[in-house]
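What follows is each chain in one-letter form.
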Amino acid sequence: MHTLKANPAESPAVTPAVTPAVTPPKRALRIEIAPSTLYRIVALVVGLALITQMVPVILVLVVALMLVGTLNPSVQALEKRGIKRTPAIFIVFGVLMLVTGTVLVFTVPAIVTQVATLVKQEPELRAKLVSFLASYPLTATLASTVKSFQYAAVFKSFGAQALVMSRDLLEIVAYGAGSFFLALYIMIDRDRLRGALFAAIPRGHHIKLSRILLRLEVIVGGYVRGQVVTCALMGAFLFVLLTATGVPNALAIAAFGGIADVLPFVGIFLTMIPAVFAALAVSPAAATIVLVLLLCYEEFESRVLVPLVYGRALRLPSSIVLFALIAGGSLYGIAGALLALPVAAALLMLVEELKMELPGEATQDADCATAREDTVGEAEYLRRTDGMPAEEAAGVAVEMTSLRVTLEREAEAAEEAAQKAAAEAEEAAKKAAAESTAQAREAAEAAAQEAAVKAKEAADKARQAAAAGAEVGPQPASNSN
């Protein structure tokens, strides 16, 4: 059986089928924004624009709240003495107005008179300053600059801005009065305003909200009261110092120094410039005394007075204080610098209270204990305020939080007292051990000295006996018959 093989030359050529290239359809990228998102963006932009335009109004509200936090402890103290809240509020605000008016009446005319005297004495003071600077080679150039300085250009530019500055001053006075009366109305309508705030927050967060408000009151009130105390002490110290060194117009410079002391780190340098130059017109020794004593007082204020006056109200590191001052001053000038520290302390407190977890922070046992106490307190609060209006419930929340804070402070005070007592006991034990060791050492030294004396006496007796034996000599033997 034969197999037929196909001849490749005779078979027809097979052409492979060509598949046409398929072009993928073009995809259109379409971004759709939901209408609700657009509404939120527009609302955010409009809100930011309104906030920017309402900065003075917001500052008035902030100052009013600071006054409320400052004066509320005094009102509560009067309430504990049996005075009703409304009369107590009017008493506190009346005393504040009386003290402020008295200070202004007794200081402003004297300050105006002394400033006018400084202006009249300017040529004499400048001549003394030029003479002092010219006496040293390093400051000779500065002396010629001071001597050739002309006030005409300064007064010309100042005259152009005098109207603007007077208008700004009137605005500051008006805003201050508005803050004062707004604080008065806030304290009178405290229950209704607090009830409206608590009504907008779920009841499960009322305990935390009341604690935040209480801590804000502590921060703001402690800051304002501390500023008043430190500024008053600075002004009094500077007045006594300048008066003792014979510097004229001491009251005006002391008033400026007290006002400038509201700025930490910066106020002391603003105070030194006029104080030292005014003392330099008296004598170089007076200027040196003023400079050295101001530096010493600044050290005393920063290390002793400020921690004692402010207590735990702010608890801000120095770096944060300096950064907050720079940021506040850059944004809103002097008002921003004054409000920077309580705002920074409040922000740190909010981060702590709202339990904002930072990436590098680990959960602490104290945070867990606080969370458990919050859970128990919120459950008890919900049980006690079931069916109660928001205004009354807010009062219950504040009362529970105040009691808890009081107990925590008492516990902290007891713990500090226990630690102090333990440290004192340890120190006493170390002292007793040292005393007992010293007594044992003294007893051993006394015994050694006594043994040495006895040994010396025995040696002396032995030498005396030996000497007596040597003098007598040996006895002759007796002859027996």
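Described below are features of the structure shown in this document. (Residues numbered from 1 in each chain as written. Predicted model: local features only at pLDDT ≥ 70, side-chain atom pairs only at ≥ 80, totals over all residues. Heavy atoms only, no water.)

1. Focus on the overall build of the protein chain
So, step 1. Each helix and strand counted, the protein chain has 14 helices and zero strands in total.
So, step 2. Element order for the protein chain, N to C, with α for helix and β for strand: α-α-α-α-α-α-α-α-α-α-α-α-α-α.
So, step 3. Per-residue burial over the protein chain gives 24% buried out of 481 residues.
So, step 4. Across the protein chain, contacts joining residues at least 24 apart in sequence account for 68% of those joining residues at least 6 apart.
So, step 5. Carbon and sulfur atoms make up 68% of the accessible area of the protein chain, which amounts to about 33400 Å² in all. (Helix = DSSP H or I, 4+ residues; strand = E, 2+ residues; numbered from the N terminus. Buried < 20%, exposed > 50% of the residue type's maximum accessible area, 1.4 Å probe, protein only. Contact = heavy atoms within 4.5 Å. Areas by Shrake-Rupley, 256 points an atom, 1.4 Å probe, with all protein chains shown as cover.)

2. Details of helix α7 (residues 190-199)
So, step 1. Of all the positions in α7, only Arg194, Gly195 and Phe198 are classed as buried. All buried residues of α7 lie within an arc of 105° about the axis, which places them on one face of the element. Relative to its buried face, α7 has exposed residues pointing more than 90 degrees away, namely Arg192 and Ala199. (Arc of directions from axis to C-beta.)

3. Re the packing of helix α3 (residues 85-120) against helix α9 (residues 250-260)
So, step 1. Direction vectors running N to C along α3 and α9 enclose 115°, while the axes themselves pass 8 Å from each other. Overall, the two elements α3 and α9 adopt an arrangement that is roughly perpendicular. Two packed elements cross with a definite hand, and for α3 against α9 that hand is left-handed. Side by side, α3 and α9 meet where Thr107, Ala110, Ile111, Gln114 and Val115 of the first sit next to Ala250, Leu251, Ala252 and Ala255 of the second.
So, step 2. Across the contact of α3 with α9, the residue classes break down as seven nonpolar, two polar and no charged. (Axes fitted to C-alpha atoms, helices over the stretch in contact; angles between N-to-C directions. Parallel < 35°, antiparallel > 145°, perpendicular 65-115°, else oblique. Left-handed = near helix turned anticlockwise from the far one by under 90°. Nonpolar A, V, L, I, M, F, W, Y, C, P; charged D, E, K, R; others polar.)

4. Here we look at the side chain of Arg85
So, step 1. Take Arg85: it is sitting in helix α3.
So, step 2. Of note is the side chain of Arg85, whose polar atom sits 3.4 Å from the backbone oxygen of Met187. (Polar contact = N/O pair within 3.5 Å; in protein donor to acceptor, adjacent residues only side chain to side chain.)

5. Describing the side chain of Thr401
So, step 1. By the element assignment, Thr401 lies in helix α14 (residues 390-472).
So, step 2. Given the relative accessible area of 4%, Thr401 is considered buried.
So, step 3. In this structure the side chain of Thr401 is engaged in a polar contact, spanning 2.5 Å, whose partner is the side chain of Ser210.
So, step 4. When residues no more than four places from it in sequence are discounted, the contact partners of Thr401 are Ile207, Ser210, Arg211 and Leu214.

6. Quick word on the nonpolar core
So, step 1. Core analysis: the biggest nonpolar cluster contains 25 residues, and Leu238, Leu242, Ile253, Ala275, Ala279, Val290 and Leu294 have the highest contact counts within it.
So, step 2. For this core, the elements supplying multiple residues, two or more each, are α4 (122-134), α8 (206-244), α9, α10 (267-280) and α11 (284-310).
So, step 3. With seven residues, the single largest contributor to this core is α10.
So, step 4. In this structure Leu238 touches Ile253, Ala254, Gly257, Thr271, Ala275 and Leu294, once residues within four positions along its chain are discounted.
So, step 5. One finds Val224, Ala324, Leu339 and Met349 within the second-largest nonpolar core, a separate group that totals 18 residues. (Core = buried A, V, L, I, M, F, W, Y, C linked by side-chain atoms within 4.5 Å.)

7. Examining the pattern of salt bridges
So, step 1. Enumeration over the complete set of coordinates arrives at five salt bridges.
So, step 2. The partner of Glu79 in a salt bridge is Arg85, and the shortest N-O contact between them spans 3.4 Å.
So, step 3. On the accessibility criterion, Glu79 (28% relative accessible area) is partly exposed.
So, step 4. On the accessibility criterion, Arg85 (14% relative accessible area) is buried.
So, step 5. The shortest N-O distance in the salt bridge between Asp189 and Arg192 comes to 3.1 Å.
So, step 6. The class for Asp189 is partly exposed, based on a relative accessible area of 28%.
So, step 7. For Arg192, a relative accessible area of 55% translates into the label exposed. (Salt bridge = Lys/Arg side-chain N within 4 Å of Asp/Glu carboxyl O.)

8. Observations regarding the environment of Val343
So, step 1. Relative to the assigned elements, Val343 resides in helix α12 (residues 318-353).
So, step 2. Residues Val343 and Gly328 lie 15 residues apart in sequence; the distance between their C-alpha atoms is 9.5 Å.

9. Details of a nonpolar patch on the surface
So, step 1. Taken together, the side chains of Val42, Leu44, Val46, Leu48, Leu50, Ile51, Met54, Val57 and Ile58 make up a nonpolar region of the molecular surface, amounting to roughly 800 Å² of accessible area.
So, step 2. Those elements that place two or more of their residues in the nonpolar patch are α1 (35-53) and α2 (55-80).
So, step 3. The greatest single-element share of the nonpolar patch, amounting to six residues, is contributed by α1.
So, step 4. For Val42, the position within the fold is in helix α1. (Patch = residues over 30% accessible without salt bridge, like charges linked within 9 Å, V, L, I, M, F, W, Y side chains within 5 Å.)

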